[in-house]
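Topology and contacts: notes
Below, each chain spelled out in residue letters.
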Number of protein chains: 2
Amino acid sequence: MTIDDDSAGVEHLLSRPIRGTMDGEGYGAWRSFTDPDAVPLSFGFPFPDSFPLEDLSEAVETLFTADPDTALQYTGPGYATSLPEIIAGRARERGIDCTSDQVHLTNGATHAIDTVCQAFLDPGDLVVVERPTFMGALRLLRNYAVDIEGIDVDADGLDVDALATTLAERRAAGEALPKLCYTIPNFQNPTGATLAAERRERLVELAVEYDFVVLEDDPYGRLRYDGEEPPSLRTFDPDGRVIRVDTFSKTIAPGVRTGWIIADEPVIEQLRRVDAGGENRFTRGVIAAYCEDGRLETAIEGLCAAYEPRRDRMLAALSEHMPPGTTWSEPSGGFFVWVTFPEGIDTEAMIDDAIAEGVTYLPGSSFYSGDRGRRHARLSFSEADPDAIERGIAALSRAVRAAMDPVEAGE
Amino acid sequence: MTIDDDSAGVEHLLSRPIRGTMDGEGYGAWRSFTDPDAVPLSFGFPFPDSFPLEDLSEAVETLFTADPDTALQYTGPGYATSLPEIIAGRARERGIDCTSDQVHLTNGATHAIDTVCQAFLDPGDLVVVERPTFMGALRLLRNYAVDIEGIDVDADGLDVDALATTLAERRAAGEALPKLCYTIPNFQNPTGATLAAERRERLVELAVEYDFVVLEDDPYGRLRYDGEEPPSLRTFDPDGRVIRVDTFSKTIAPGVRTGWIIADEPVIEQLRRVDAGGENRFTRGVIAAYCEDGRLETAIEGLCAAYEPRRDRMLAALSEHMPPGTTWSEPSGGFFVWVTFPEGIDTEAMIDDAIAEGVTYLPGSSFYSGDRGRRHARLSFSEADPDAIERGIAALSRAVRAAMDPVEAGE
């Protein structure tokens, strides 16, 4: 059999959205921002000691003893089957009206977001995102060949007034209106900002008025170190247009990669259809067994007690070390601080020098759909221990001062 | 806030393919064909004693001891990271040229199929499937709003000559040609048929000639009870158009829901982009630790030794009990026997009576995209023990005879 060179390979058979978006960076391109000798402030990795190895081992034993015939089967009663109700109960404790039939389990939050995208998005649809926002969501959205409109974030989260203005202008101009708005209301990735309660209500009102879906991504909500939790966007939802995503990745461990979607039943029914056949009952059973006896709640208290001093240390070190003209967010929870450097700093250009000084971060450009964000960086305080965080911020400060005009750097 | 009744709900915001296919049965509708008091011949469930609970518990301990910092992290070295090479090595042992860079891990085979569908299929594309074929694949394909052309299966698998004729006729008539052909070459679900080696080569030649992708789904290939394994379709692939899917669901357990795709690297790159962020490193690490010391190969030998007498008992019981005019396939491996009942039998109409007699099966219609297959049933010998299989077939025979014309039933 001879092959015409022009026909070799099958890229030309890929779907139109995938073919149309093949040239950009792949999902995970940001993983290059790492170095074994640098303090890791790049990624939202939980610190290794946070992993509940012993409790999960015990949960495996509990699961296999209780459900020997069904723990590893396709379906059947047992711990895995009880997980949706465990999740629904925990949602209700946070004020979210929820039954187990309104819970669809996924393989983590990103998979959950992807499932919602596949169910709702056609090529050319308009999606509103926070600007900046989670790089994983941006990369996923690109696979659906949608148009993206970024709306700025301030200390109170998504600027809902700016969104209202944009929507009104689009309507007046006869332009496309969004089908979906993706938001991370608590300790936003990357800014750490939390969406104010009144903005939450207003965002849902806009969703009703302009007929779009709100995708509420809340992986960090339980990791709050100060203040009161505002109500979930779902609590303002009049007609099933808020779809909520959450995960155990930050409260148990990323490696169990189990998340969920909370939505009204007609939506859940379609999401289940889109997302068929990937049910890891082993992990789900282990998680359900682990959640018994309040172990998860105790673990979350321990995590908050470990993350809070990391955050405090990072904020104190920024105050101590950063050159004038540098500003940063002060998150009440989650993993991330968003830094804005003095004018002239380019965090993409600076990354190699920063690594040489002994610290990594994620350049702000990772969190924008266009070429923006080069004065910013996301710093994560989740992985390094407090002393390392201090060293990392000092190293970052040296890199920034070296990149600055000497006068402005105060030297 | 008041809601116009007409705008309540968000179904109208679902994507065009999903909205266009909402009315059919959902994925998993076939799960209703079950009954606690009936011998379970419906589903491809491994028998419960097959689950390697103790070895997996040990693998958890091994994993947590060896990789305490990375087993539950997003990324990092360790057992989970070694799994693609373990899979590539096992593929090479079966004659498939493969490196770990050509392996993409998924959450089971169905998820793998779905990933390929998302990467390649646009609405309106034509997909060729075996007729009958795996009901899960039919349901997934429906989500992509593609047209489906079924090609008959005989004792040697997909009728490749019939496919060639169909392709030539379509080309001559200026009709759409397929973008993808989905095939289960070994112990096909539901017929148990294995695609003959010369047909495999011919199928790939047709794929080149008519420029489509071949999706080779091989969940059962390692569970062979007689004869020699024909070469994987990948071994005939001249230019990366055969994409291979496999899974640990049948060789370890469904509950670990871990599968993989083997394809050329440019395809893998796009599949990784489509299927981002759902990496269950915990399970992947447990599987990699479990695979050490030849445990998986030993387990597969044990599974074959347990399934072969089940198959033999089912075939013998069919010979002993079934009324004249009933025929069935004689699979060399896998889980399934495909039965064709005498004319006039409707396996959908008969299911309640069969359950009352003490047996369940899957009506043949589950495996067709149109209203076909009512004279057929799929019987699985994977779940019940041999004595129960014998009882189940006797019960099925009673139900069939009761549904037949008394003269034809030989009464």
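Residues numbered from 1 in each chain as written. Chains lettered and ligands numbered in written order. Predicted model: local features only at pLDDT ≥ 70, side-chain atom pairs only at ≥ 80, totals over all residues. Heavy atoms only, no water.

**Some details on the overall build of chain A**
This is how it is decided: The numbering of helices and of strands both runs from the N terminus, where a helix is a DSSP run of H or I of at least 4 residues and a strand a run of E of at least 2. Atoms counted for the radius of gyration: C-alpha only. Globule rule: 2.2 Å times residue count to the power 0.38. For every residue, the accessible area obtained with a 1.4 Å probe (protein chains only) is divided by the maximum for its type, and the residue is called buried under 20%, exposed over 50%, and partly exposed between those limits. In what follows, a contact means two residues having at least one pair of non-hydrogen atoms within 4.5 Å. Areas reported as accessible are Shrake-Rupley estimates using a 1.4 Å probe. Residue values count occlusion only from the protein chains shown. Here Asp and Glu are counted as negative and Lys and Arg as positive; His is not counted, and neither are the chain ends. We put the charge of a Lys on NZ, of an Arg on CZ, of an Asp on CG and of a Glu on CD.
Counting its regular elements, chain A contains twelve helices and 14 strands. For 411 residues, the compact-globule estimate of 2.2 N^0.38 gives 22 Å, and the C-alpha radius of gyration of chain A, at 22 Å, lies within 12% of that figure. Considering only C-alpha atoms, chain A reaches an extent of 70 × 65 × 55 Å along its principal axes. Here chain A holds 411 residues, and 64% of them are scored as buried. Excluding contacts between residues fewer than 6 apart, the proportion of contacts in chain A whose partners are at least 24 apart in sequence is 74%. Total accessible area computed for chain A in this model is approximately 14600 Å², and 46% of it derives from carbon and sulfur atoms. For chain A, the separation between the mean place of its 37 positive charges and that of its 73 negative charges on side chains is 2 Å.

**A word on the domain arrangement of chain A**
Residue and element names in this part refer to chain A. Threshold: Just so you know, the domain bounds were taken from an automatic or database domain assignment. As used here, buried area is the combined drop in accessible area, with a 1.4 Å probe, of two parts when they are placed together. We count a salt bridge whenever a side-chain nitrogen from Lys or Arg sits within 4 Å of a carboxyl oxygen from Asp or Glu. We call two N or O atoms a polar contact when they sit within 3.5 Å, provided that within protein one can donate a hydrogen and the other can accept it, with sequence-adjacent residues counted only if both atoms are side-chain atoms.
As far as domains go, chain A holds domain 1 (8-51 + 297-403) and domain 2 (53-296). Counting residues at the interface gives 38 residues for domain 1 and 39 residues for domain 2. Summing both partners gives a buried area of about 3400 Å² for domain 1 against domain 2, and 60% of it is carried by carbon and sulfur. Inspection of the domain 1/domain 2 interface yields three salt bridges. The salt bridge involving Glu297 is made with Arg222; its shortest N-O contact spans 2.7 Å. The interface formed by domain 1 and domain 2 contains 19 residue pairs in polar contact (both at pLDDT 80 or more). Listing elements by their share of the side of domain 1 that touches domain 2, those giving two or more residues are α1 (16-20), α10 (295-321) and β11 (336-340). It is α10 that contributes the most residues to the side of domain 1 that touches domain 2, nine residues altogether.

**Re the interface of chain B and chain A**
Between chain B and chain A, the contact holds 83 residues from the first and 83 residues from the second. For the chain B and chain A pair, buried surface summed over both sides reaches about 7500 Å², with 58% attributable to carbon and sulfur atoms. It is B:Leu72, B:Tyr74 and B:Arg273 that lose the most area in chain B upon contact with chain A, and together they represent 12% of the buried surface on that side. There are three salt bridges connecting chain B and chain A. Taken together, chain B and chain A are joined by 37 residue pairs in polar contact (both at pLDDT 80 or more). Contributing elements (two or more residues each) for the side of chain B that touches chain A: α1 (16-20), α2 (53-66), α4 (109-120), α5 (135-143), α7 (197-210), α8 (265-274) and α9 (281-290) of chain B. The leading source of residues in the side of chain B that touches chain A is α2(B), at six residues.

**Here we look at the sheet that holds β11(A)**
Sheet strands pair via backbone hydrogen bonds, and the direction of the pair is either parallel or antiparallel. Residue and element names in this part refer to chain A. What counts here: Between any two strands, pairing holds if DSSP finds at least two bridges.
If you trace the four strands from one edge of the open sheet to the other, you get β10-β11-β14-β13, paired in antiparallel fashion. Looking along the sheet, the strands with just one partner apiece sit at the ends: β10 (327-328) and β13 (362-363). With two bridges connecting them, β13 and strand β14 (residues 376-380) associate as antiparallel partners. By the bridge assignment, Leu362 is partnered in β14 with Arg378.

**Thoughts on the UniProt feature "domain: Aminotransferase class I/classII large" (unreviewed entry) in chain A**
Here is the rule: UniProt positions are given in the numbering used here, feature names are shortened, and annotations may be inferred rather than shown by experiment.
This chain's UniProt record puts "domain: Aminotransferase class I/classII large" (unreviewed entry) on residues 52-396 of chain A. For residues 52-396 of chain A, helix accounts for 42% and strand for 16%, while the C-alpha atoms at its two ends are 32 Å apart.

**So, unusual backbone geometry**
Residue and element names in this part refer to chain B. Note that the residue after Arg131, namely Pro132, is joined by a cis bond; omega there is 10°. Among the secondary structure elements, Pro132 is positioned in the loop between β3 (126-131) and α5. Unusually for a residue other than glycine, Phe187 sits at a positive phi of about 50°. For Phe187, the position within the fold is in the loop between β6 (180-183) and α7.

**Some words on the nonpolar core**
Across soluble globular proteins, nonpolar side chains have a tendency to be buried as a group. Our working rule: Think of a nonpolar core as a cluster: buried Ala, Val, Leu, Ile, Met, Phe, Trp, Tyr and Cys residues, connected wherever their side-chain atoms sit within 4.5 Å.
In this structure, A:Phe120, A:Phe248, A:Phe282, B:Phe248 and B:Phe282 are the most contacted members of the largest nonpolar core, which totals 190 residues. Apart from residues no more than four positions distant in its own chain, B:Phe282 is found in contact with A:Val60, A:Gly255, A:Val256, A:Phe282, A:Thr283, A:Val286, B:Val60, B:Leu63, B:Phe64, B:Ala71 and B:Leu72. Formed by 43 residues, the second largest nonpolar core is a distinct cluster that contains B:Phe43, B:Ile113, B:Ala119 and B:Leu215.

**So, the sheet that holds strand β2 (residues 103-106) of chain B**
Residue and element names in this part refer to chain B. Selection rule: Each axis is a line fitted through C-alpha atoms, taken for helices only over the stretch in contact, and angles between the N-to-C directions span 0 to 180 degrees.
Taken together, eight strands build an open sheet; the order of strands is β2-β9-β8-β7-β6-β3-β4-β5 and the sheet is mixed. On the outer flanks of this sheet lie β2 and β5 (157-158), each paired with one strand and no other. In terms of strand pairing, β3 meets strand β4 (residues 147-154) through six bridges, oriented parallel. Looking at the pairing, Val128 lines up with Glu149 of β4. Running at roughly 115° to β2, helix α3 (residues 79-93) makes contact with β2 and β9 (259-262) of the sheet.

**Considerations on the relation of the copies chain B and chain A**
Heads up, the rule is: Overlaid copies result from least-squares superposition on C-alpha atoms, with residues included only where pLDDT is at least 70 in both.
For the pair chain B and chain A, the relating rotation is 180°, the translation along its axis is 0.0 Å, and the fit reaches an RMSD of 0.0 Å. Such a turn and shift between the copies fits a two-fold axis. Relative to the rotation axis, the C-alpha of B:Thr283 is the closest in chain B, positioned 3.6 Å from it. When the interface residues of chain B are mapped onto chain A, 100% of them again lie at the interface, so the same face is used by both copies.

**Concerning the side chain of A:Arg90**
Inspection of the secondary structure assignment puts A:Arg90 in helix α3 (residues 79-93). Apart from the residues within four sequence positions on either side, A:Arg90 is in contact with A:Arg222, A:Phe248, A:Trp260, A:Leu296, A:Glu297 and A:Ile300.

**Comments concerning the pairing of strand β6 (residues 180-183) of chain A**
Residue and element names in this part refer to chain A. Residues Leu180 and Tyr182 line one face of β6 and the alternating positions Cys181 and Thr183 line the opposite face, and both faces are buried. In this sheet, β6 lies alongside strand β3 (residues 126-131) in parallel orientation, the contact comprising three bridges. Looking at the pairing, Val127 lines up with Leu180 of β6. Bridge count for β6 against strand β7 (residues 213-217) is four bridges, and the pairing is parallel.

**Describing the environment of A:Ala253**
Its place among the elements puts A:Ala253 in the loop between β8 (242-247) and β9 (259-262). Judged by relative accessible area, which is 0%, A:Ala253 ranks as buried. A sequence separation of 203 residues divides A:Ala253 from A:Ser50, and the C-alpha atoms of the two residues are 8.0 Å apart. Setting aside chain neighbours within four positions, we find A:Ala253 in contact with A:Phe51, A:Phe248 and B:Leu72.

**Notes on the packing of aromatic side chains**
Applied cut-off: For Phe, Tyr and Trp, where Trp contributes only its six-membered ring, two rings pair if their centres lie within 6.5 Å, and the inter-plane angle classes them as stacked under 30 degrees, edge-to-face over 60, or tilted in between.
For the structure on display, the rule yields 25 aromatic pairs over all chains. On the basis of an interplanar angle of 90° and a centroid distance of 5.8 Å, the ring pair of A:Trp338 and A:Phe367 is categorised as edge-to-face. Here A:Trp338 is found in strand β11, whereas its partner A:Phe367 is found in the loop between β13 and β14, with 29 residues between them in sequence. Judged by centre distance (4.7 Å) and plane angle (55°), the ring pair of B:Phe248 and B:Trp260 falls under tilted. Here B:Phe248, found in the loop between β8 (242-247) and β9, pairs with B:Trp260, found in strand β9; they are twelve residues apart in sequence, far enough to count as distant.

**Quick word on the packing of helix α11 (residues 347-357) of chain B against helix α12 (residues 386-403) of chain B**
Residues and elements named next belong to chain B. Put simply, the rule is: Put simply, angles under 35 degrees are roughly parallel, angles over 145 are roughly antiparallel, angles from 65 to 115 are roughly perpendicular, and the rest are oblique. What makes a crossing left-handed is the near helix being turned counterclockwise from the far one by less than a right angle; a clockwise turn instead makes it right-handed. All residues other than Ala, Val, Leu, Ile, Met, Phe, Trp, Tyr, Cys, Pro, Asp, Glu, Lys and Arg, Gly among them, are scored as polar; the first ten of these are nonpolar and the last four charged.
Interaxial distance between α11 and α12 falls to 8 Å at its minimum, and their mutual angle equals 135°. Taken together, α11 and α12 sit at an angle that is classed as oblique. Remark: the crossing between α11 and α12 carries right-handed chirality. Of the residues in α12, those touching α11 at Met350, Asp353, Ala354 and Glu357 are Ala395, Leu396, Arg398, Ala399, Val400 and Ala403. For the contact of α11 with α12, a count of residues per class yields seven nonpolar, no polar and three charged.

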